[in-house]
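Geometric and topological summary
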Amino acid sequence: MRLLMITTGLLLLLAVSCDHPETGSAQKEKFIDSLLSEMTLEEKIGQLTLFTSGWDITGPVLNENYRQDILSGRCGNLFNAHTVAYNRELQRMAVEETRLGIPLLFGYDVIHGHRTIFPIPLAEACSWDPGMVKKTAALSAKEAAASGLNWTFNPMVDIARDPRWGRIAEGSGEDPLLGSLYAHARVEGYQGTDLSDVFTLAACVKHFAVYGAPQAGRDYHVVDLSERTIREVYLPPYKAAVDAGVATVMSSFNEINGVPVTASKAYLTDILRDKWGFKGMVVTDYTSINELIPHGVAEDLKHAGELAFRAGVDMDMQGSVFNDYLAELVNEGVFSEEDVNRAVKRVLALKYDLGLFDDPYRYLDEEREKAVLYSDELMEHALVAARKSMVLLKNEPVNGTPLLPVQQSVKKIALIGPLADNRVDVMGTWHASGDAGKVVTVEEGLRKKFPAASIKVLKGCDFTGNDMSGFRAAISLAGQSDLVILAIGENHQQSGEAASRTCLDLPGVQQQLLEKIHETGTPVVAVVFAGRPLTINWMDEHIPAILYAWHPGTRTGDAVADILSGDCNPSAKLAITFPRNVGQIPVFYNTKNTGRPFNAENKYTSKYLDALNEPLYPFGYGLSYSTFEYGTISPDKNSISAGDSLTVSVTVKNTGKCAGEEIVQCYVRDLVGSVTRPLKELKGFSKISLDPGEEKLVQFTITEDDLRFYDINMEYRAEPGEFRIYVGPHSQVDEYVTFTLNR
Ligand code: NOJ
């Protein structure tokens, strides 16, 4: 135990705990209790306070005097402060210049990498590879922790079915199973097995709860959803994060059915603590206690603080409400000091687990910072993750052969679009401290990959505005080339927080540019960069090859070039449904049948007059340069009893000419229930690699547990009856077998 540089108060406490060797947790408890007994009420409340350092803010800075607040003990935790040099000085102030010397937590939005940027989470979700995603989290933690951080506000696990909502980019898509697997993987990745390991961070699952279902896709808007949908669709990923041992939870901005979550005891205490057994610390989102006033449930800040604290909030992010009013509420007897102690203990326990009481400078090592930032393993994984996240949506033949992969014999390539030589936007939303200087652009990637080709690059137009003055040159270049690669889509601010859109077409005049380039007759490959599904009907109809690259991060150009050249066979599949137009939203795969399912012969069935019901690309969809043939699905039995399980098998064969990976998906439909059930629900998947001509047997086991849902009495159970099991390449698979769950 390192005792250096810790103030006398703490020295004494640590010495006491060392004199009496006890089990880890008893020692921890004793340490925290003695520390607590030394603290004034104000110092305690300081531990429940989190202020921004002033960097990278996403809201009003209510307190610019954070340094003074650290010194006075009013602020026990900081966010948006990083780099070893910067944080070391702040930590020194906390440890050496405050009465008790309690070290600071340093939090930050490390969402998809810190300096080295990985694909946005929605892109990574399309890998259907939780192992890979866990590695992304572990490496992000390693780099961020080397930069002086010890806490990340991630994973963001909000299920989202509405691509108008800009923050869809930060989550893992629409499916509760996939979302839960990623939530679990990310928590394990960030935290490792020991929080005090200097290469890990404490994680914070957010935004609890149901932040991903705002009305009309407008950020921060009201959530009004049935209890059943909340429990079955939206809550599982948060629960998975809690089960994985997440250290902290962030309460969300939104209300749910009339109650803002930051004031909701039902969510923050009854579900989170009492039902799920969460033992860690709950922090609010940015000023969400203050926002209880405009929500219309609090009369003033003091009332807001009372509601939030009573609901189960431990730490106030940026609002200064606990700081300003909690002591008053204790003095008036609204809360007891013991109530405050409970919250403070959770904060101190986290600091203890991070090892900050052993050595407050453990995350502040300049040598480690130099060695870890952008290290080979990070840069290599950024490439792997980007390659595994890009979805090939279309690859049709031009003159008899598929346009992709691009042949090395192509002589003249026109690379056109605002993302052609772009370093910042390809990092996507919340790239925080991502280093644009390290980004490999599409142009750089293609030049390396096709050294013999003449590659000419033009922007054509911007992301916004109506300026078409670049069109003429772009059209002329396209006309003189053998192939056009169009790098188009959204910039990094067109998705993410406070970036909802009502029109999901290519922004600015990019659609017009696309149409003009298409008119030249030169074959076009569209590489789309975006933080959400865009409505790309026209593109799908007219452009032979579409690669949906999302926002891939630092190794963008290398990954795009690897896929376009065929050095990497694309394998990703959509973790989110692509609508044909905004009017179809919300459109998601696990929908219900209705009493009048669509029937082309019958006008009075559920449909639109002007669009199909089906999305443009369904959940689970994605192409490869290989083709895969599915055999018949064979179950080992056709009925099971409670507690029993059943296995279905299917052979999958690579009928293409190159090795490839296929994501084999298994869905279940419960045909009759006490309440209506979705047409399909993902119950399992398997990502397999196959050489040309190779076939593999893939098996899925379905247990009674997989068939549970909230029945008419809101009991979570499986109901006897008939079920279908579908196995195939995406959620629109038609092939199924049936089985019965016996009474
Ligand atoms: C607001 C965002 O909603 C949240 O995700 C983020 O962690 C905080 N700001 C802190 O930056």
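Before any of the text, the structure's been laid out above.
Here we summarise the structure given alongside this text. Within each chain, residue numbers correspond to sequence positions counted from 1 in written order. In keeping with the model being predicted, local features are shown solely for residues with a pLDDT of at least 70 and side-chain atom pairs are shown and tallied solely at 80 or more, while totals for entire chains, interfaces and linings include all residues. Excluded from the side-chain calculation are hydrogens and water; included are all heavy atoms of the structure.

**Comments concerning the overall build of the chain**
In this description a helix means any DSSP run of H or I spanning at least four residues, a strand means any run of E spanning at least two, and both kinds are numbered starting from the N terminus. Tallying secondary structure elements over the chain gives 22 helices and 29 strands in all. Radius of gyration means the value over C-alpha atoms here, while the globule rule gives 2.2 Å times the residue count to the 0.38 power. Taking 743 residues into account, the globule formula puts the C-alpha radius of gyration at 27 Å, and the chain, at 27 Å, falls close to it. Judged by the C-alpha coordinates and their principal axes, the chain covers about 80 × 65 × 50 Å. Across the 743 residues of the chain, 61% fall into the buried class. Considering only residue pairs separated by 6 or more positions, the chain has 78% of its internal contacts joining residues 24 or more positions apart. Residue exposure ignores everything except the shown protein chains as possible cover, and the areas themselves are Shrake-Rupley values with a 1.4 Å probe. Counting every atom, the chain has about 27100 Å² of accessible surface; 49% of that belongs to carbon and sulfur. Within this scheme the basic residues Lys and Arg register as positive and the acidic residues Asp and Glu register as negative, but His and the chain ends are omitted. Every charge is mapped onto a representative atom, which is NZ of Lys, CZ of Arg, CG of Asp or CD of Glu. Of the side chains in the chain, 71 bear a positive and 97 a negative charge, and the two mean positions are spaced by 4 Å. Using a 1.4 Å probe on the protein chains alone, a residue whose accessible area is under 20% of its type maximum counts as buried, one over 50% counts as exposed, and one in between counts as partly exposed. Any two residues whose heavy atoms approach within 4.5 Å are treated as being in contact.

**Points about the site of the ligand**
If a single non-hydrogen atom of a residue is within 4 Å of a molecule or strand, that residue counts as near it. Neighbouring residues of the ligand: 14 residues in total, closest D109, R167, K206, H207 and D285. Pairs of N or O atoms within 3.5 Å make up the polar contacts considered here, provided that, within protein, one atom can donate a hydrogen while the other can accept it, and that residues adjacent in sequence are counted only when both atoms are side-chain atoms. In the environment of the ligand, an oxygen atom lies 2.5 Å from a nitrogen or oxygen atom belonging to the side chain of D109. Protein chains shield 100% of the accessible area of the ligand, which is 290 Å² for the free molecule.

**Structural notes on the side chain of S320**
Relative to the assigned elements, S320 resides in the loop between β10 (316-317) and α14 (321-331). Those residues within four positions of S320 in sequence are excluded, and the remaining contacts are F51 and R74.

**Some words on the pairing of strand β23 (residues 660-670)**
Here β23 lies mainly inside the structure; ten of its eleven residues are buried. Note on pairing: two strands pair once DSSP finds at least 2 bridges between them. Two elements, β23 and strand β24 (residues 681-690), share nine bridges in a ladder whose sense is antiparallel. In the sheet register, I663 faces β24, and the bridge partner there is K687. Direction of pairing for β23 relative to strand β28 (residues 721-728): antiparallel, over a ladder of six bridges. Bridge pairing links Q665 to G728 in β28.

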